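Chains, contacts and geometry: an overview
Residue-level listing of the chains:
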Amino acid sequence: MTDSYLDRIEALATALHEHIFSHPQETYSNKPWALVEAIDAFASTNRMMTFKTPKITISQQALTHMDPLPQTILEFGTYVGSSAIAWGAILQKLHSDNHERACNVYTFELSAVNAGIARDFIRLAGLDQIVQVLEGPAGDSLRKLHADGTIREQAVDMAFFDHWEKFYLPDLQLCEDLRLFRVGSLAIADNTDFPGAPAYLEPVFSLIIINKAGGLIYQREFHPGLRKLSTNDYLVLAGTFHGVHAITRSITPKLPSTTPAPTTTASTPTTPTPSAYSFPKPGILATGIESLETDKFHLTCFQTLTGTKFLLFTDPLTTNIDVVMKKVYELYSDYVMKNPFYQLEMPVRCEAFDRHLTGWLRGRT
Ligand SMILES: C[S@@+](CC[C@H](N)C(=O)[O-])C[C@H]1O[C@@H](n2cnc3c(N)ncnc32)[C@H](O)[C@@H]1O
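This section reports on the structure supplied with the text. Given the structure is predicted, the values throughout are model-derived calculations rather than measurements. (Residues numbered from 1 in each chain as written. Predicted model: local features only at pLDDT ≥ 70, side-chain atom pairs only at ≥ 80, totals over all residues. Heavy atoms only, no water.)

1. Structural notes on the sheet that holds strand 3 (residues 131-135)
Taken together, five strands build an open sheet; the order of strands is 3-2-1-4-5 and the sheet is parallel. Edge strands, defined here as strands with exactly one partner in the open sheet, are strand 3 and strand 5 (181-189). Adjacent strand axes in the sheet meet at a mean angle of 20 degrees, parallel and antiparallel pairs treated alike. The pairing of strand 1 (residues 72-76) with strand 2 (residues 104-109) spans five bridges and is classified as parallel. The partner of Leu74 across the bridge, within strand 2, is Tyr106. The sheet strands contacting helix 7 (residues 168-177) are strand 1, strand 4 (156-161) and strand 5, and the helix crosses strand 5 at an angle near 165 degrees. (Pairing = 2+ DSSP bridges. Helix = DSSP H or I, 4+ residues; strand = E, 2+ residues; numbered from the N terminus. Axes fitted to C-alpha atoms, helices over the stretch in contact; angles between N-to-C directions. Contact = heavy atoms within 4.5 Å.)

2. Thoughts on the pairing of strand 11 (residues 298-303)
Pairing geometry for strand 10 (residues 291-293) and strand 11, over three bridges, is antiparallel. Counted as the bridge partner of Leu292 is Leu299 from strand 11. Between strand 10 and the antiparallel strand that follows it, strand 11, lie four residues. Summarising the sheet, strand 11 and strand 12 (residues 309-314) pair through six bridges and their orientation is antiparallel. Bridged to Thr300 within strand 12 is Leu312. Turn length for the strand 11-strand 12 hairpin, with the two strands adjacent in sequence and antiparallel, is five residues, and the turn residue Gly307 shows positive phi of about 95 degrees.

3. Let's talk about helix 8 (residues 231-250)
Spanning 20 residues, helix 8 covers 29 Å between terminal C-alpha atoms, matching the ideal 28 Å at 1.5 Å per step. Buried within helix 8 are the following residues: Tyr234, Ala238, Phe241 and His245. Buried residues of helix 8 fall within an arc of 70 degrees about the axis and therefore sit on the same side. Contact partners of the buried residues in helix 8: strand 6 (204-210), strand 7 (216-221), strand 11 and strand 12. (Expected span 1.5 Å × (residues − 1). Buried < 20%, exposed > 50% of the residue type's maximum accessible area, 1.4 Å probe, protein only. Arc of directions from axis to C-beta.)

4. Describing the environment of Ala84
Relative to the helices and strands, Ala84 resides in helix 4 (residues 82-94). Residues Ala84 and Ile73 lie eleven residues apart in sequence; the distance between their C-alpha atoms is 9.1 Å. With sequence-adjacent residues up to four places away left out, Ala84 is seen in contact with Glu75, Val105, Thr107 and Val131.

5. Here we look at the environment of Arg8
For Arg8, the location among the structural elements is in helix 1 (residues 3-21). Taking relative accessible area as the criterion, Arg8 reaches 35% and is therefore assigned partly exposed. Residues Arg8 and Asp295, spaced 287 residues apart in sequence, show a C-alpha to C-alpha distance of 10.0 Å.

6. Thoughts on the sheet that holds strand 10
Here five strands make up an open sheet; going across it, the order is 7-6-12-11-10 and the pairing antiparallel. At either margin of the open sheet sits one strand with a lone partner, and together these are strand 7 and strand 10. On average, each strand axis in the sheet is tilted by 10 degrees relative to the strand beside it, whichever way the strands run. Here strand 6 runs beside strand 7; their pairing, made up of five bridges, is antiparallel. Considered in strand 7, the bridge of Ile209 is made with Tyr218. Against the sheet, helix 9 (residues 321-337) contacts strand 6, strand 11 and strand 12, and its axis sits at roughly 135 degrees relative to strand 12.

Dropping the structure here:
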């Protein structure tokens, strides 16, 4: 995650905080679902990465049918606390017949700004006795909770993974290593691509495919209302990018690989002399530009081994670009490369590729 990306999500969280607290206190005080709904509305308009109500509803059904009923939930990724408030409200309702029964949601957040905002919302919703925000890397916080006996073996009924995807597996493994799950515990994960990624992953603006000679062979826009470039502009863009990509690859700095000079006598000290130059990680070829970022869009380039380049233009807030790129490449392999009428390096005119690409991208919303 780049600093500018993190700054942006914190700025959105701060704007949401101002928006919620601009209403009279009683609008949301001790009304968790009203608060979740208000956060949802703001988050949808501003494309914030919260776990939206339809997914909460599905999770609520799963939690409600658990036997025994869930009492302890771990959440990886608090952000503004919207899903944590929902988990707290669900537990509160499930145990409304017995207020003595302890219910706990432990939610982990890296950012101090987000954690502070989440705590304010949780307090406003009247759930601060149930929901605790722990600031810092989730794995560290979880180890501490386990070490001090706050969370015991087999005590976790549900773990919700909604932080950066690269931490999903290690943090799930940590839960298992600490033996936190019991038979029947639930693990829920967002953004796993199935059954579909949330709207904040959108939008993918457009896709360009460039052949190994720098010629434009495919161009599609996926977002309505984009200012259109002319075909000539696209051809120039493809050719220019191809050239700049080649330049960036060739200017990748090489480091001297030093080998000791041959010794003449045993007493002569040996001085290493640069004998050759190689890339910092020999064996890994230098690539050209892989991504370009501006305030308004993110350009990601993936080059195949045969030199075909896929250029994806996405919103800077789109996080799972590698998943999108992988799928685009998979569809290209299936519907272009396996099309017996397609001639290599020529413009891609494969209706099945267009259809599956559009279908898959739509299914992600
Ligand atoms: C998708 S948002 C969470 C949304 C939240 N569950 C909701 O629905 O309101 C992901 C959050 O996880 C946090 N995060 C990412 N990696 C983390 C980690 N290793 N430990 C703790 N928090 C993390 C990010 O700072 C970000 O605020």
